[in-house]
Amino acid sequence: MVTGPIQQPSTVLATGRPPLARRPRPTLLGDVHALARVLAGPAVEPRWRERVIVRLDPVQRGFADHVRLTEGPAGLYAELLGQAPRLDRGVRLLTREHAAIATAIGALQRAVGATGVPAGELRSRVADLLLALDRHRQRGADLLWEAYQTDLGGET
């Protein structure tokens, strides 16, 4: 008698090696959480802007690493599409989000470094960035779940 869930192997893992998504990566999520902790602090604190800059730089670098690992001919998205072409729409959406998020990070870095931008506006823009990163992370996780847990059979 089976007492637990029955797990069936996915055809996507037919290569015999762990997918790129399971290989060690930089800690972008930890950097995002650190930025969120700064956002939770009082913006009237004299060094608040400096703390935002300090926490935003690793987010920018981590996101650039994420884009490098996922896009391109050797990236995760190419691997996914090679095994599961049905995911093309989701991959295109995530790739467009990469461009929008990278632009938002750059604009925020410039705004935080500029004088005259009100703290309330900066707080709102950091919150918007954190929300965009969270949604992107969730969409990516959903895409990976669909790729590696859905077995349609005969796809490859």
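Note that this is a predicted model, so its numbers are computed, not measured. (Residues numbered from 1 in each chain as written. Predicted model: local features only at pLDDT ≥ 70, side-chain atom pairs only at ≥ 80, totals over all residues. Heavy atoms only, no water.)

Draft legend 1. Geometry of the overall build of the protein. For the protein, the helix and strand inventory stands at five helices and zero strands. A buried classification covers 33% of the 156 residues belonging to the protein. Just so you have it, the protein exposes about 9500 Å², and 57% of that area is on carbon and sulfur atoms. (Helix = DSSP H or I, 4+ residues; strand = E, 2+ residues; numbered from the N terminus. Buried < 20%, exposed > 50% of the residue type's maximum accessible area, 1.4 Å probe, protein only. Areas by Shrake-Rupley, 256 points an atom, 1.4 Å probe, with all protein chains shown as cover.)

Draft legend 2. Inspection of the nonpolar core at higher detail. Counting 22 residues, the largest nonpolar core has Leu35 and Leu129 as the members making the most contacts within it. At the level of secondary structure, the elements contributing two or more residues to this core comprise helix 1 (28-40), helix 2 (48-70), helix 4 (88-113) and helix 5 (119-149). Considering every element that reaches this core, the biggest residue donor is helix 2, with six residues. Excluding its chain neighbours within four sequence positions, the residues that come into contact with leucine 35 are Val52, Arg55, Leu56, Val59, Val126, Leu129 and Leu130. Formed by ten residues, the second largest nonpolar core is a distinct cluster that contains Ala84, Leu94, Leu143 and Tyr148. (Core = buried A, V, L, I, M, F, W, Y, C linked by side-chain atoms within 4.5 Å. Contact = heavy atoms within 4.5 Å.)

Draft legend 3. Here's a closer look at helix 1. For helix 1, with 13 residues, the first-to-last C-alpha span of 19 Å sits near the 18 Å given by 1.5 Å per residue. Taken as a whole, helix 1 has its buried residues at Leu28, Val32, Ala34, Leu35, Val38 and Leu39. Buried residues of helix 1, viewed axially, fall in a sector of 160°; they line one side. Helix 1 presents Arg37 and Ala40 as exposed residues on the side facing more than 90 degrees away from its buried surface. (Expected span 1.5 Å × (residues − 1). Arc of directions from axis to C-beta.)

Draft legend 4. Spotlight on the side chain of histidine 136. Looking at the secondary structure, you find histidine 136 in helix 5. Not counting the four nearest positions on each side in its chain, histidine 136 is found in contact with Phe63, His66, Tyr77, Leu94, Glu97, His98 and Ile101.

Draft legend 5. Expanded view of the packing of helix 2 against helix 4. Where helix 2 contacts helix 4, the axes come no closer than 10 Å and their chain directions differ by 160°. Our classification of the angle between helix 2 and helix 4 gives roughly antiparallel. In this structure, the crossing between helix 2 and helix 4 has a hand that is left-handed. Across the interface between the two elements, Arg49, Val52, Ile53, Leu56, Asp57, Val59, Gln60, Phe63, His66, Val67 and Thr70 of helix 2 pack against His98, Ile101, Ala102, Ile105, Leu108, Gln109, Ala111, Val112 and Gly113 of helix 4. Per-class residue counts for the contact of helix 2 with helix 4 are twelve nonpolar, six polar and two charged. (Axes fitted to C-alpha atoms, helices over the stretch in contact; angles between N-to-C directions. Parallel < 35°, antiparallel > 145°, perpendicular 65-115°, else oblique. Left-handed = near helix turned anticlockwise from the far one by under 90°. Nonpolar A, V, L, I, M, F, W, Y, C, P; charged D, E, K, R; others polar.)

Draft legend 6. Looking closely at the environment of aspartate 31. Tracing the chain through its elements places aspartate 31 in helix 1. If near-sequence neighbours (up to four positions away) are discounted, aspartate 31 is found in contact with Arg55, Pro58 and Val59.

Draft legend 7. The arrangement of the pattern of salt bridges in detail. On inspection of all chains with the given rule, the structure shows eight salt bridges. Aspartate 88 is the salt-bridge partner of arginine 92, the closest N and O atoms lying 2.7 Å from each other. Separated by four residues within a single helix, arginine 92 and aspartate 88 lie in helix 4, roughly one turn from each other. Accessibility expressed as a relative area gives 43% for arginine 92, which makes it partly exposed. For aspartate 88, a relative accessible area of 31% corresponds to the partly exposed category. Taking the shortest distance from any N to any O, the salt bridge between arginine 139 and glutamate 97 comes out at 2.4 Å. Of this pair, arginine 139 sits in helix 5 while glutamate 97 sits in helix 4, placing them 42 residues apart in sequence. (Salt bridge = Lys/Arg side-chain N within 4 Å of Asp/Glu carboxyl O.)

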